[in-house]
Amino acid sequence: MTQVLLIGAGNMGFAMLRTWIGMEGHRFAVVEVNESLRQRAESVGAQAYDAVSDLPVDLAANVVVIATKPQAVADAVADSRAVLGQDGLLMSVAAGITIDGMRQYAGEGPAIVRCMPNTPAAIGEGMVVCCASANARSSDRALALSLLSAIGRVAFIENESLMDAVTAMSGSGPAYVFHLLEAFSAAGVAAGLPEDLAMTLAKQTVFGAAKLALASGADPAVLREQVTSAHGTTAAALSVLMNPEVGLAVLFRRAVEAARHRSLELGAE
Ligand SMILES: NC(=O)C1=CN([C@@H]2O[C@H](COP(=O)(O)OP(=O)(O)OC[C@H]3O[C@@H](n4cnc5c(N)ncnc54)[C@H](O)[C@@H]3O)[C@@H](O)[C@H]2O)C=CC1
Ligand SMILES: O=C(O)[C@@H]1CCC=N1
């Protein structure tokens, strides 16, 4: 039985927990300072506590997953030492917080896996990118992989400095897509459609197009051309969206760079 302790069961922690909770061979305890969020964690079957010091004295964690805000990670890592053995695995999903940054508080023993998941983890459709500390054994990586593959697609990278760009893409990315849905459906409403129909068209179009892109493996540029008739409606829209000065490519580049920069700042705060 693998004992997992999740510290912080807010938006991201709970998104993972609700998918993990059904995993065979694992037991989940949660430390969460907010009472209503503790109750929410308990409602899906976890044991939830107010602080690490309140955990049962015999609880020994094989894995501690930190999902607090970046500013609270140092304290949470320090607290985790009371329940995580020297050969335990420490995982964190916090934006910006480096493996070296956590090592100061974790001590030399535990392997550390820094991860960047996203909230579609709640339905097993997340994207998680991980980077493991130098002392991580293949068994530590395998343990992290078994937990993370339950919440979505997993990639390990060796160059930790890429985690800021990863955060700016897949970590924050669901928010970009949700905003796309807001803007796309609002445009449909402005064009005369009822709100619920406009939102259904926006969601199903984004879902179907993403699924087609994943399933076909074709370059999205080719799929785009397959929609675009010469002098047709799509070409008219793309002349706006692909404007080289103010189009989507320019906006995405600025947005992703702003997020990457913020991730770097969080690591330095
Ligand atoms: N929300 C998202 O989509 C993603 C968030 N992350 C990372 O996940 C972390 C959490 O983000 P959110 O879930 O959005 O924030 P959140 O505020 O919803 O969750 C953090 C939770 O930690 C709890 N907490 C704070 N200090 C604690 C402590 N000492 N012990 C126990 N619980 C404590 C808070 O009560 C809160 O419920 C952040 O570090 C963020 O960078 C990573 C990927 C995606
Ligand atoms: O906004 C944030 O800082 C966190 C990290 C990635 C998604 N949410």
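Position labels on residues start from 1 in each chain and follow its written sequence. To read the labels, note that chains go from A and ligands from 1, taken in the order they are written. In keeping with the model being predicted, local features are shown solely for residues with a pLDDT of at least 70 and side-chain atom pairs are shown and tallied solely at 80 or more, while totals for entire chains, interfaces and linings include all residues.

- If you check an unreviewed UniProt entry, the protein appears there as Pyrroline-5-carboxylate reductase from Ensifer canadensis.
- UniProt positions are given in the numbering used here, feature names are shortened, and annotations may be inferred rather than shown by experiment. If you open the UniProt record of the protein and go to Pathway (unreviewed entry), you find "Amino-acid biosynthesis; L-proline biosynthesis; L-proline from L-glutamate 5-semialdehyde: step 1/1."
- Under the Sequence similarities (unreviewed entry) heading, UniProt states for the protein: "Belongs to the pyrroline-5-carboxylate reductase family."

### Topic: the site of ligand 2
Here's step 1: In the vicinity of ligand 2, the contacting residues are Ala95, Thr167, Gly171 and Ser172.
Here's step 2: Note on residue categories: nonpolar means Ala, Val, Leu, Ile, Met, Phe, Trp, Tyr, Cys or Pro, charged means Asp, Glu, Lys or Arg, and polar means any other residue, Gly included. In the shell around ligand 2, the residues fall into one nonpolar, three polar and no charged. Nearness here is judged by the C-beta atom: place it from the backbone, and if it falls within 6 Å of a molecule or strand, the residue counts as near that partner.

### What about the environment of Ser146?
Here's step 1: With respect to the helices, strands and loops of the structure, Ser146 is situated in helix H5 (residues 138-148).
Here's step 2: Separated by 123 residues in sequence, Ser146 and Met23 place their C-alpha atoms 9.8 Å apart. Labels follow the DSSP assignment, with helices taken as runs of H or I lasting at least four residues and strands as runs of E lasting at least two, numbered in each case from the N terminus.

### Section: unusual backbone geometry
Across the chain, the bulk of peptide bonds are trans and the bulk of non-glycine residues have phi less than zero.
Here's step 1: Residue His231 is not a glycine yet carries a positive backbone phi of 60°.
Here's step 2: Within the secondary structure, His231 is located in the loop between helix H9 (220-227) and helix H10 (233-241).
Here's step 3: The class for His231 is exposed, based on 7 C-beta atoms found within 10 Å. Burial is judged by counting the other C-beta atoms within 10 Å of a residue's own C-beta: 20 or more makes it buried, 12 or fewer makes it exposed, and any count in between marks it as partly exposed, with every C-beta position built from the backbone.

### A short note on the sheet that holds strand S5 (residues 84-92)
Here's step 1: Two strands pair under a simple rule: DSSP has to find at least two bridges between them. Overall, mixed pairing links the eight strands, which are arranged S3-S2-S1-S4-S5-S6-S7-S8 in an open sheet. Taken across any chain shown, the strands that pair with only one partner, and hence form the sheet edges, are strand S3 (47-49) and strand S8 (152-156). Here the average twist between neighbouring strands, direction ignored, is 25°.
Here's step 2: Here strand S2 (residues 26-31) runs beside S3; their pairing, made up of three bridges, is parallel. Note that in S3 the partner of Val31 across the bridge is Tyr49.
Here's step 3: For every residue pair, C-beta atoms are placed from the backbone, and the pair is scored as a contact if these atoms sit within 7 Å. For helices, the fitted line uses only the C-alpha atoms of the stretch in contact; every axis is such a line through C-alpha atoms, and the angle between N-to-C directions lies from 0 to 180 degrees. Relative to S2, helix H1 (residues 11-20) is tilted by about 155°, and along the sheet it contacts strand S1 (2-7) and S2.

### Considerations on the site of ligand 1
Here's step 1: Close contacts around ligand 1 come from 27 residues, with Gly8, Gly10, Met12, Ala94 and Ala95 the closest.
Here's step 2: Of all the elements in the fold, those that place two or more residues in the shell around ligand 1 are H1 and helix H3 (73-80).
Here's step 3: When grouped by side-chain class, the residues that make up the shell around ligand 1 number 15 nonpolar, nine polar and three charged.

### Quick notes on the packing of helix H6 (residues 163-171) against helix H11 (residues 248-268)
Here's step 1: Look at H6 against H11: their axes get within 8 Å of each other, and the N-to-C directions meet at 130°. Classed by the angle they form, the pair H6 and H11 counts as oblique. Considering only the axes of H6 and H11, their crossing is right-handed. Of H11, the residues touching H6 (which contributes Asp164, Ala165, Thr167, Ala168 and Met169) are Val256, Ala259, Arg260, Ser263 and Leu264.
Here's step 2: Split into classes, the residues belonging to the contact of H6 with H11 amount to six nonpolar, two polar and two charged. Should an angle lie under 35 degrees it is considered roughly parallel, over 145 roughly antiparallel, and from 65 to 115 roughly perpendicular; all remaining angles are considered oblique. Each crossing gets its handedness from the near helix: less than a right angle anticlockwise from the far helix is left-handed, clockwise is right-handed.

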